[in-house]
Amino acid sequence: MNIEIITDGLSKRYGKFLALDDVSLKIGPGVFGLLGRNGAGKTTLLRILATLLPKTGGMATVCGADISETKTLRPLIGYLPQEFSFYPNMFVDEALDYLGLLSGVSRDVRKERIPELLNRVNLFDERRKRIRALSGGMKRRFGMAQAIIHNPAVLIVDEPTSGLDPVERVRFRAMLGDMAENRIVILSTHIVEDVEKLCDHLAILDKGAVVFDGVVTGLTKGGATLEEAYLQLIGEG
Ligand SMILES: Nc1ncnc2c1ncn2[C@@H]1O[C@H](COP(=O)(O)OP(=O)(O)O)[C@@H](O)[C@H]1O
Ligand SMILES: [Mg+2]
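Residues numbered from 1 in each chain as written. Chains lettered and ligands numbered in written order. Predicted model: local features only at pLDDT ≥ 70, side-chain atom pairs only at ≥ 80, totals over all residues.

1. Let's talk about the sheet that holds strand E8 (residues 184-189)
Then, number 1: Pairing within the open sheet is mixed, and its 6 strands lie in the order E6-E7-E8-E3-E9-E10. Pairing within the sheet leaves two strands with one partner each, and these edge strands are strand E6 (77-80) and strand E10 (209-215). Each neighbouring strand pair of the sheet contributes to a mean axis angle of 15°, computed without reference to strand direction.
Then, number 2: Relative to strand E7 (residues 154-158), E6 runs parallel, the two being bridged by 4 bridges. Considered in E7, the bridge of Gly78 is made with Leu155.
Then, number 3: Running over the sheet, helix H5 (residues 136-147) touches E6 and E7 and is turned about 165° from E6.
Then, number 4: Contacts between helix H6 (residues 166-179) and the sheet are confined to strand E3 (30-35), E7 and E8, with E8 contributing the most and set at about 150° to the helix. (Pairing = 2+ DSSP bridges. Helix = DSSP H or I, 4+ residues; strand = E, 2+ residues; numbered from the N terminus. Axes fitted to C-alpha atoms, helices over the stretch in contact; angles between N-to-C directions. Contact = placed C-beta atoms within 7 Å.)

Written as structure tokens, this is what we have:
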């Protein structure tokens with residue numbers, strides 16, 4: 001399987017409002033950053049790639065399959081939405097088991113994988129806690145565990161570091177870097193430092209359009225910091 005995402009002239013309208021305008025990107029394995037301010041269109045793009053929202057125009061393929069082939073693609077894609085929540089009264093391990101079932105993971109595989117997964121996201125000691133008793137950072141890590149429970153080739157995470165304290169943020173980044181081995185991780189963020197610390201490639205989205213697409217060093221080679229180059233590109237510098 002070719003681990004690759006391609007979009008060509010992708011667009012999305014909500015009524016008359018053009019939320020994505022002619023987005024053409026090619027994404028390979030590793031952490032790909034999608035940087036943009038609030039309202040830029042990040043969530044819209046991610047939801048289309050996760051096959052959860054229909055596009056208006058253009059095309060997109062994930063690992064060779066058109067995004068309309070949801071049955072083929074759902075097993076290949078893990079998604080952590082920007083606002084992730086789950087039944088607050090469920091226990092952590094129980095909730096993961098249930099989400100694994102929903103993702104089509106067999107009982108035997110779940111039995112083996114859930115303890116591994118809990119260790120991986122550093123929640124093993126919290127496995128008998130209820131979801132509502134988790135801290136914000138723990139909830140985010142739980143969201144991450146459910147996103148990769150079926151071992152997807154593509155992991156799409158929408159602003160996973162916003163609202164985390166600095167320690168959690170550093171940990172979360174390390175975890176994401178870890179998960180990018182042999183898969184595509186698309187990380188949307190409005191935090192320049194996330195991209196700086198994690199991504200080789202990035203796209204900057206502004207008002208629905210791609211205003212930069214390339215390697216991080218391509219933006220900073222003139223001596224500007226990434227933050228300066230970013231603000232300049234979106235007309236705020
Ligand atoms: N369901 C919707 N209906 C109408 N407008 C929407 C809808 N979802 C998002 N938008 C608008 O589309 C633009 C992009 O939103 P979004 O993709 O959520 O951006 P981001 O994730 O970068 O903050 C915003 O102007 C937002 O108000
Ligand atoms: Mg968003």
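2. Notes on the site of ligand 1
Then, number 1: Taken together, Tyr14, Phe17, Ala19, Gly36, Asn38, Gly39, Ala40, Gly41, Lys42, Thr43 and Thr44 are the residues near ligand 1.
Then, number 2: Of all elements in the fold, only strand E2 (17-27) and helix H1 (42-49) reach the threshold of two or more residues within the shell around ligand 1.
Then, number 3: Top element by residues in the shell around ligand 1 is H1. It accounts for 3 residues.
Then, number 4: Class assignment for the residues of the shell around ligand 1 results in 4 nonpolar, 6 polar and 1 charged. (Near = placed C-beta within 6 Å. Nonpolar A, V, L, I, M, F, W, Y, C, P; charged D, E, K, R; others polar.)

3. Regarding the sheet that holds strand E4 (residues 57-62)
Then, number 1: Strand order in the open sheet formed by 4 strands is E2-E1-E4-E5, with antiparallel pairing between adjacent strands. With partners counted over all chains shown, the strands left at the sheet margins are E2 and strand E5 (65-66), one partner each.
Then, number 2: In this structure, strand E1 (residues 5-14) lies alongside E2, joined through 7 bridges in antiparallel fashion. Along E2, the bridge assignment pairs Thr7 with Leu25.

4. With respect to the nonpolar core
Then, number 1: One finds Leu49, Ala145, Ile156 and Val185 to be the most contacted residues of the largest nonpolar core, which totals 64 residues.
Then, number 2: Top contributing element to this core by residue count: E2, with 5 residues.
Then, number 3: Once you skip the residues sitting within four places of it in the chain, Leu49 turns out to touch Ile5, Ala60, Val62, Ile67 and Ile156. (Core = buried A, V, L, I, M, F, W, Y, C linked by C-beta atoms within 7 Å. Buried ≥ 20, exposed ≤ 12 C-beta atoms within 10 Å, placed from the backbone.)

5. Re the environment of Thr220
Then, number 1: For Thr220, the position within the fold is in helix H8 (residues 216-220).
Then, number 2: Along the sequence, Thr220 and Tyr230 sit 10 residues apart, while their C-alpha atoms lie 9.5 Å from each other.
Then, number 3: Once you skip the residues sitting within four places of it in the chain, Thr220 turns out to touch Thr225, Leu226 and Ala229.

6. Let's talk about the pairing of strand E9 (residues 201-206)
Then, number 1: Looking at chain direction, E3 and E9 are connected through 4 bridges and run parallel. Each bridged residue has a counterpart across the sheet, and for Phe32 the counterpart in E9 is His201.
Then, number 2: Relative to E10, E9 runs antiparallel, the two being bridged by 6 bridges. Bridge pairing in E10 places Asp206 opposite Ala209.

7. Comments concerning the packing of helix H3 (residues 92-102) against helix H4 (residues 107-120)
Then, number 1: Across the interface, H3 lies against H4 with an axial gap of 10 Å and an inter-helix angle of 125°. Compared by their axis directions, H3 and H4 come out oblique. Read as a crossing pair, H3 and H4 show a hand that is right-handed. In this structure, H3 contributes Asp93, Leu96, Asp97 and Gly100 to the contact, and H4 contributes Arg110, Ile114, Leu117 and Leu118.
Then, number 2: Its residues assigned to classes, the contact of H3 with H4 comprises 4 nonpolar, 1 polar and 3 charged. (Parallel < 35°, antiparallel > 145°, perpendicular 65-115°, else oblique. Left-handed = near helix turned anticlockwise from the far one by under 90°.)

8. Some thoughts on H3
Then, number 1: Looking only at H3, the buried set comprises Val92, Ala95, Leu96, Leu99 and Gly100. The arc enclosing the buried residues of H3, seen along the axis, measures out at 140°, which places them on a common side.
Then, number 2: Tucked into the core, H3 has its buried residues touching H4 and H5.
Then, number 3: Of the residues one or two after H3, Gly104 is the one with positive phi, at around 85°. (Arc of directions from axis to C-beta.)

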